[in-house]
Amino acid sequence: MQKINYTRIEDEEYYEAFGIKKEGSKFIVQDTKKVEAAYQKAWENRNYEIDKFWSRALYFWGFIAATFVAYTAIITKGNAEEQIAKITNISFEICILALGVIFSTAWILVIKGSKRWQENWEKHIDYLENFVSGSLYKTIFYKGEQYYSVSKMSEYVAWAVLGGWVILFFQTFFKFIFLALNLCAENMMIANWCVAVIVFVGVIEITTIFIIFMWKRGKSNQHFIEGKESKSSFY
């Protein structure tokens, strides 16, 4: 894949590309139709990215749900008496869980990519709306310093799903090792109980920490301070 290096441009260069020229402290629109067309296109692309954000989420949820159903079908299947058959079943479990990890990781990366493109078109709207509709999109009625971000919450849910797959993967992997070591029934029961307790305690701790993390860090990066406005730059 060819790597493209982008050069940062100043506000005036950006505006000139759309027929907006700065004269003194004011900006003069020289091509109204061009600005309005660009503004409309930015809105269309932003809405397109939001629509695709959720359709892609459903796409990955379908794969993840199918993987989980396959995993459930294997673990609820009647246990075979032969040791080799048990090891074979666990091998299938590990393969399916690996697919779950792959799908969840891909979902997280797609969320990040979708959000980046959405923010790109929102920046264009921020820059162009003053010359078309006024500062409507940048004007936010909100009481408080920050609000919760829908995209961040979606990303954190994806991380939680990935964490669940990883936990199941390692639990099944240890079960595979215990079977491969050909432990007696009593030792196998003790080993399984130890793994189950460790997983249970770990899941409770991780879930608690994750919920607190989402509550604290799930807010938007935008801070609202009375009397101040943050300015953005284009790259």
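Right above here is the structure, for reference.
Residues numbered from 1 in each chain as written. Predicted model: local features only at pLDDT ≥ 70, side-chain atom pairs only at ≥ 80, totals over all residues. Heavy atoms only, no water.

> Explain the overall build of the protein to me, and be specific about the residues and the numbers.
Secondary structure assignment for the protein yields 5 helices and 2 strands. Across the protein, helices and strands are ordered from the amino to the carboxyl terminus as α-β-β-α-α-α-α. Taking all 235 residues of the protein together, 26% fall into the buried category. About 16,500 Å² of surface is accessible on the protein, with carbon and sulfur atoms providing 63% of the total. (Helix = DSSP H or I, 4+ residues; strand = E, 2+ residues; numbered from the N terminus. Buried < 20%, exposed > 50% of the residue type's maximum accessible area, 1.4 Å probe, protein only. Areas by Shrake-Rupley, 256 points an atom, 1.4 Å probe, with all protein chains shown as cover.)

> Please set out the pairing of strand β2 (residues 26-29) residue by residue, giving values where relevant.
Two faces make up the sheet, and in a regular strand the side chains alternate between them. When strand β1 (residues 20-23) meets β2, the two strands line up antiparallel, connected through 4 bridges. Its bridge partner being in β2, K21 is matched across the sheet by I28. The antiparallel hairpin formed by β1 and β2 contains 2 residues in its connecting segment, where G24 sits at a positive phi of about 75 degrees. (Pairing = 2+ DSSP bridges.)

> So what's going on with the side chain of E49? Residues and values would help.
In this fold, E49 is placed in helix α2 (residues 32-75). You can call E49 buried: its relative accessible area is 10%. Not counting residues up to four positions away in its chain, the partners in contact with E49 are R56, S114, W117, Q118 and W121. (Contact = heavy atoms within 4.5 Å.)

> Which residues make up the packing of aromatic side chains, and what are the values?
Evaluated as defined, the whole model comprises 15 aromatic pairs. On the basis of an interplanar angle of 70 degrees and a centroid distance of 5.7 Å, the ring pair of Y14 and Y15 is categorised as edge-to-face. For the residue pair Y14 and Y15, the accessibility class agrees, reading buried in each case. The class for Y15 is buried, based on a relative accessible area of 9%. Ring pairs connect the aromatic residues Y14, Y15, F18, F27, Y127 and F131, which therefore count as one cluster. (Phe/Tyr/Trp six-rings, centres within 6.5 Å; stacked < 30°, edge-to-face > 60°.)

> For a negative patch on the surface, give the residues involved together with the corresponding values.
Together, E10, D11, E13 and E16 make up a negatively charged patch on the protein surface. Here D11 shows up in helix α1 (residues 11-17). (Patch = residues over 30% accessible without salt bridge, like charges linked within 9 Å, V, L, I, M, F, W, Y side chains within 5 Å. Salt bridge = Lys/Arg side-chain N within 4 Å of Asp/Glu carboxyl O. Lys, Arg positive; Asp, Glu negative; His and termini not counted. Charge placed at Lys NZ, Arg CZ, Asp CG, Glu CD.)

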